Amino acid sequence: MKNISIIIALGIVLVSGCAKSPNYSNQGSNSNNVQPSIQANSNNNQVDGSNNTKNTNEETIGNSFFFKSGVSQLKYKGQFLFDDIVEKDVILKINVVDNLKYGKLYELKLDPIESVPNERLSLGYFYVQKDKVYKIEPTKDNLIKLKSSEEMPSGSVIVCQEQEIKDTLSKNEPGWHHYLEVNGDKREYHSFNNQVSTGYYESFIWESSKGLINYKSGYGAERDSMELQLYNN
């Protein structure tokens with residue numbers, strides 16, 4: 001009887017202990033384990049962090065300020081001042097150059113236009129992430145670097161993001177000026193070189209759910225200039 005009493009007592013202790021055991025089934029399900037989105041540093045244009053999971057394009061891109069998925073061309077009102085003044089409707093092609101792990105690489109290019117040099121038909125190469133749009137210099141080395149490591153090549157600039165970017169130079173200080181303004185549903189990027197009176201300038205205006213609604217570029221005194229305005233905007 002004494003042995004039986006001891007066994008019963010031990011059984012009660014074990015049952016009580018199991019009832020008080022902590023529940024580990026939900027450990028690790030907190031927000032710290034959610035896959036982080038890939039961000040880019042505004043100061044040095046370097047991609048921060050790493051992600052071994054290749055997200056779908058919709059998850060990775062989804063940038064409301066860029067063109068909608070599936071849009072390959074749009075019509076713009078164009079004004080061009082080169083040898084002559086030309087005003088005409090033009091088609092901007094939105095060409096996918098490459099699908100990368102953390103974004104997509106595009107080229108924006110116009111169909112041929114009389115009197116406009118071929119090198120001005122391309123508005124540039126753009127690396128689009130969910131929260132940023134970069135313009136990169138499309139050299140062979142830059143494209144290889146971006147495709148192999150998705151590290152921003154030197155000289156790349158952010159032309160669209162949620163936060164404004166201040167010009168690092170004062171208004172009349174000679175040099176290359178770059179700044180980004182936030183205006184409601186619009187993001188306005190401007191750059192210009194005032195080191196000489198004929199310095200180059202360029203601007204992009206993006207609008208949420210529409211993409212690029214206005215583009216300007218040229219040289220001082222409106223030499224070799226062009227402007228595009230999205231139709232129905």
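Our structure's up above, just so we're on the same page.
Per chain, the residues get numbers from 1 upward, laid out in the order the sequence is written. Only residues with pLDDT of 70 or above have their local features reported here, since the model is predicted, and side-chain atom pairs are shown and tallied only from 80 upward, although totals for entire chains, interfaces and linings are computed over all residues. The side-chain figures draw on all heavy atoms in the structure; neither hydrogens nor water molecules are used.

Numbering of helices and strands runs from the N terminus, with a helix taken as a DSSP run of H or I at least four residues long and a strand as a DSSP run of E at least two residues long. Within the protein, the secondary structure is distributed over three helices and 13 strands. With a 1.4 Å probe rolled over the protein chains alone, any residue whose accessible area is under 20% of its type maximum counts as buried; one over 50% counts as exposed, and the rest are partly exposed. Put simply, the protein has 233 residues, and 36% of those count as buried. Contact between two residues is taken to exist if any of their heavy atoms lie within 4.5 Å; hydrogens are not considered. Considering only intrachain contacts with a sequence separation of at least 6, the fraction spanning at least 24 residues in the protein is 43%. Shrake-Rupley sampling with a 1.4 Å probe provides the accessible areas, and residues are treated as covered by the protein chains on show and by no other component. Working note: accessible area of the protein is about 14100 Å², and carbon and sulfur atoms make up 49% of it.

Centre distance within 6.5 Å is the pairing criterion for rings of Phe, Tyr and Trp, where only the six-membered ring of Trp is used; planes under 30 degrees apart are then read as stacked, over 60 as edge-to-face, and the remainder as tilted. By the definition in use, this model includes ten aromatic pairs. On the basis of an interplanar angle of 55 degrees and a centroid distance of 5.0 Å, the ring pair of Phe 204 and Tyr 215 is categorised as tilted. Placement of Phe 204 in strand β11 (residues 200-207) and of Tyr 215 in strand β12 (residues 211-219) is noted, with a sequence separation of eleven residues between them. Assigned by exposure class, Phe 204 and Tyr 215 land together as buried. The structure contains a cluster of three or more aromatic residues connected by ring pairs, namely Phe 66, Phe 67, Tyr 106, Phe 126, Tyr 189, Phe 204, Trp 206 and Tyr 215. As a reminder, the over-ring test applies to NZ of lysine and CZ of arginine, requiring each to be within 6 Å of the ring centre and within 35 degrees of the ring normal. Lys 75 extends its terminal NZ or CZ atom over the ring of Tyr 231, reaching a point 4.7 Å from the ring centre. Here the guanidinium or amino end of Lys 77 rests over the ring plane of Tyr 231, the centre of that ring lying 5.3 Å away.

What follows concerns the pairing of strand β8 (residues 157-161). The buried count for β8 comes to four of five residues, which makes it a mostly enclosed element. Two strands are said to pair when DSSP picks up at least two bridges between them. Sheet topology note: the strand β7 (residues 132-136)/β8 ladder contains four bridges and is antiparallel. Bridge assignment links Val 133 to a residue of β8, and that residue is Cys 160.

Let us look at the side chain of Ser 191. Its location among the elements puts Ser 191 in strand β10 (residues 186-193). Setting aside residues up to four positions removed in sequence, Ser 191 forms contacts with His 177, His 178, Tyr 200, Tyr 201 and Glu 202.

Turning next to the environment of Phe 204. Of the residues examined, Phe 204 reaches a relative accessible area of 0% and is grouped as buried. The spacing of Phe 204 and Leu 123 is 81 residues in sequence and 9.8 Å in space, taken between C-alpha atoms. Leaving out residues up to four positions away in the same chain, Phe 204 has contacts with Leu 123, Phe 126, Lys 135, Val 159, Arg 187, Glu 188, Tyr 189, Leu 212, Asn 214 and Tyr 215.

So, on to the nonpolar core. Remark: nonpolar core denotes a set of buried residues (Ala, Val, Leu, Ile, Met, Phe, Trp, Tyr, Cys) joined through side-chain atoms within 4.5 Å. By size, the foremost hydrophobic cluster in this structure holds 33 residues, and its most contacted members are Phe 66, Phe 80, Leu 108, Leu 110, Trp 206 and Leu 212. Of all the secondary structure elements, the ones that give two or more residues to this core are β3 (73-81), β4 (85-99), β5 (104-110), β6 (122-128), β8, β11, β12 and β13 (223-230). At four residues, the largest contribution of residues to this core is made by β4. Leu 108 has contacts with Phe 66, Phe 67, Leu 92, Lys 93, Ile 94, Leu 121, Ser 122, Leu 123, Gly 124, Phe 126 and Leu 212, leaving out every residue within four places of it along the chain. One finds Tyr 102, Ile 136, Met 152 and Ile 158 within the second-largest nonpolar core, a separate group that totals eleven residues.

Here the term cavity refers to a set of points on a 1 Å grid, laid over the protein atoms alone, in which a 1.4 Å probe fits but cannot get out; the term pocket refers to an open set having protein on both sides within 12 Å along at least five of seven lines, with lining residues being those that place an atom within 4 Å of a point. Grid points are joined across faces, edges and corners, and a volume is the space filled by probe spheres set on the points. The calculated volume of the largest pocket comes to roughly 490 Å³. Along the wall of the largest pocket there are 21 residues; nearest its centre are Leu 123, Lys 135, Glu 137, Tyr 200 and Glu 202. Looking at the lining of the largest pocket, the elements that each hand over two or more residues are β6, β7, β9 (176-183), β10, β11 and β12. Looking at the lining of the largest pocket element by element, the count peaks at four residues for β6.

Before going further, it helps to spend a moment on unusual backbone geometry. With a phi angle near 75 degrees, Ser 209 is a residue other than glycine that sits in the positive phi range. Along the chain, Ser 209 turns up in the loop between β11 and β12. Take Ser 209: its relative accessible area is 46%, and that puts it in the partly exposed class. You will see that Asp 224, though not glycine, has its phi angle at about 50 degrees, which is positive. The topology assignment puts Asp 224 in strand β13.

This is a description of form; function is not addressed.
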